[in-house]
Amino acid sequence: MTVAAIAGRSAARSHLGHVRRINEDRIFDCPAHGVWAVADGMGGHRGGDVAAQAVVQALRTMTESDVPPRPDAVMEALHDANAAIVACNTQDGAQAGATVVTLSRHGPTVQVAWAGDSRCYRLRDGRVELLTRDHSVVQQMIDAGLLTPDAAARHPHANVVTRALGVATTCQIDHLTVALAAGDRFLLCSDGLSRTLAADDVTDGALDELADRLLGEALVRDGADNISLLLVEFR
């Protein structure tokens, strides 16, 4: 099978968790245009869910055309979402924001873009690889040799991010492009899942069954936060 013939399909799950009163996570699942995203809102009753929805709305607007989106169109949509959240915060006197991770298909490659600690993993040939790098206080401590990755999840500042959409008039969004191969699977998720995720959790098998199992295990292991995941498979 040629790369051009590889088609993407997806399975999405989102759950309130055991503690939170509202689900501030949002998922954008658009296989027809080859664009997927998970946004994790911050702000609680002050509008975290609104911030995450602004991300989804910007991506939805981008995909309203019949023309496949350009690689830079996703980045433009995320900057549009940042501006929309900032405007809403100014109007409401709120301090809401959203972390985000996106995956978009562009011919023989996929682009991953992100801000904050929402993550993208790739499963290829039985090997799981984290493609994103958290924008967080604990990641900075890991980089400085002050904290081990195992200790990061238990650190009191584990939830403190250094980047997010909506917290400033401009937001730096990291992105990378990777070559696509038939059989590749990608996992986009909020930190409600990644906090307890183990490498051997992401396996082969039916996509919907894997999505259900990942959500179920996250709820058993923790469930203190909203949990959202989006599995995308190219075959």
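Figured I'd write up the structure that's included with this text. Each chain has its residues counted from 1, following the order in which its sequence is written. For a predicted model such as this one, the threshold for reporting local features is a pLDDT of at least 70, and the threshold for listing and counting side-chain atom pairs is 80 or more; totals across whole chains, interfaces and linings nevertheless cover every residue. Side-chain measures were taken over the full set of non-hydrogen atoms in the model, leaving aside hydrogen atoms and water.

**A look at the packing of aromatic side chains**
Under the pairing criterion, centres of Phe, Tyr and Trp rings, with the six-membered ring standing for Trp, must be within 6.5 Å; the plane angle then separates stacked pairs below 30 degrees from edge-to-face pairs above 60, leaving the rest tilted. All chains considered together, the criterion is met by two aromatic pairs. Ring plane angle 90° and centroid distance 5.8 Å describe the contact between Trp36 and Phe234, whose orientation is recorded as edge-to-face. Within this pair, whereas Trp36 is found in strand 3 (residues 35-42), its partner Phe234 is found in strand 10 (residues 227-234), the two being separated by 198 residues in sequence. Residues Trp36 and Phe234 agree in their burial class; the two are buried. In this text, helices come from DSSP runs of H or I with a minimum length of four residues, and strands from runs of E with a minimum of two, each type numbered from the N-terminal end. Exposed residues in this analysis have more than 50% of their type's maximum accessible area, buried residues have under 20%, and partly exposed residues fall in between, with area computed by a 1.4 Å probe over protein chains only.

**Notes on the nonpolar core**
What makes a nonpolar core is a set of buried Ala, Val, Leu, Ile, Met, Phe, Trp, Tyr and Cys residues whose side-chain atoms join them at distances within 4.5 Å. Counting residues in each nonpolar core, the largest one holds 28 residues, and the members touching the most others are Val55, Leu59, Leu78 and Leu165. Elements with a minimum of two residues in this core: strand 2 (25-30), strand 3, helix 1 (48-62), helix 2 (71-92), strand 4 (97-106) and strand 5 (109-115). The dominant element in this core, judged by the number of residues it contributes, is helix 1, at eight residues. Any two residues whose heavy atoms approach within 4.5 Å are treated as being in contact. With near-sequence residues (within four places) excluded, Leu59 lies in contact with Phe28, Val35, Ala37, Val74, Ala77 and Thr102. By size, the runner-up hydrophobic cluster in this structure holds 18 residues, among which are Ala11, Cys189, Val202 and Leu215.

**Notes on unusual backbone geometry**
Phi at Asp125 takes a positive value of approximately 55°, unusual for a residue other than glycine. With respect to the element layout, Asp125 can be found in the loop between strand 6 (119-124) and strand 7 (127-130).

**Remarks on the sheet that holds strand 9 (residues 185-189)**
Two strands qualify as a pair provided DSSP detects at least 2 bridges between them. With respect to topology, five strands assemble into an open sheet ordered 1-10-9-6-7, the strand pairing being antiparallel. Edge positions in the sheet fall to strand 1 (8-15) and strand 7, since each of these pairs with one other strand and no more. Adjacent strand axes in the sheet meet at a mean angle of 15°, parallel and antiparallel pairs treated alike. Relative to strand 10, strand 1 runs antiparallel, the two being bridged by eight bridges. Its bridge partner lying in strand 10, Ser10 is registered against Val232. Every angle, taken between N-to-C directions, lies between 0 and 180 degrees, and every axis is a line fitted to C-alpha atoms, over only the stretch in contact when it is a helix.

**Quick notes on the sheet that holds strand 4**
Overall, antiparallel pairing links the five strands, which are arranged 2-3-4-5-8 in an open sheet. Looking at the sheet topology across the chains shown, the edges are occupied by strand 2 and strand 8 (174-179). With direction set aside, neighbouring strand axes in the sheet form an average angle of 10°. Strand direction decides the pairing type here: strand 5 and strand 8, joined by six bridges, are antiparallel. Directly across from Thr109, in strand 8, lies its bridge partner Ala179.

**Concerning the pattern of salt bridges**
By definition, a salt bridge exists where a carboxyl oxygen of Asp or Glu is found within 4 Å of a side-chain nitrogen of Lys or Arg. On inspection of all chains with the given rule, the structure shows 21 salt bridges. The residue Asp225 makes a salt bridge to Arg20 at a minimum N-O spacing of 3.4 Å. Linking Asp225 in the loop between helix 6 (207-221) and strand 10 with Arg20 in the loop between strand 1 and strand 2, this pair joins segments that are 205 residues apart in sequence.

**What to know about the environment of Ala218**
Its place among the elements puts Ala218 in helix 6. You can call Ala218 buried: its relative accessible area is 2%. Placed 38 residues apart in sequence, Ala218 and Leu180 show a C-alpha to C-alpha distance of 28 Å. With near-sequence residues (within four places) excluded, Ala218 lies in contact with Gly192, Leu193, Thr196, Gly223 and Ile227.

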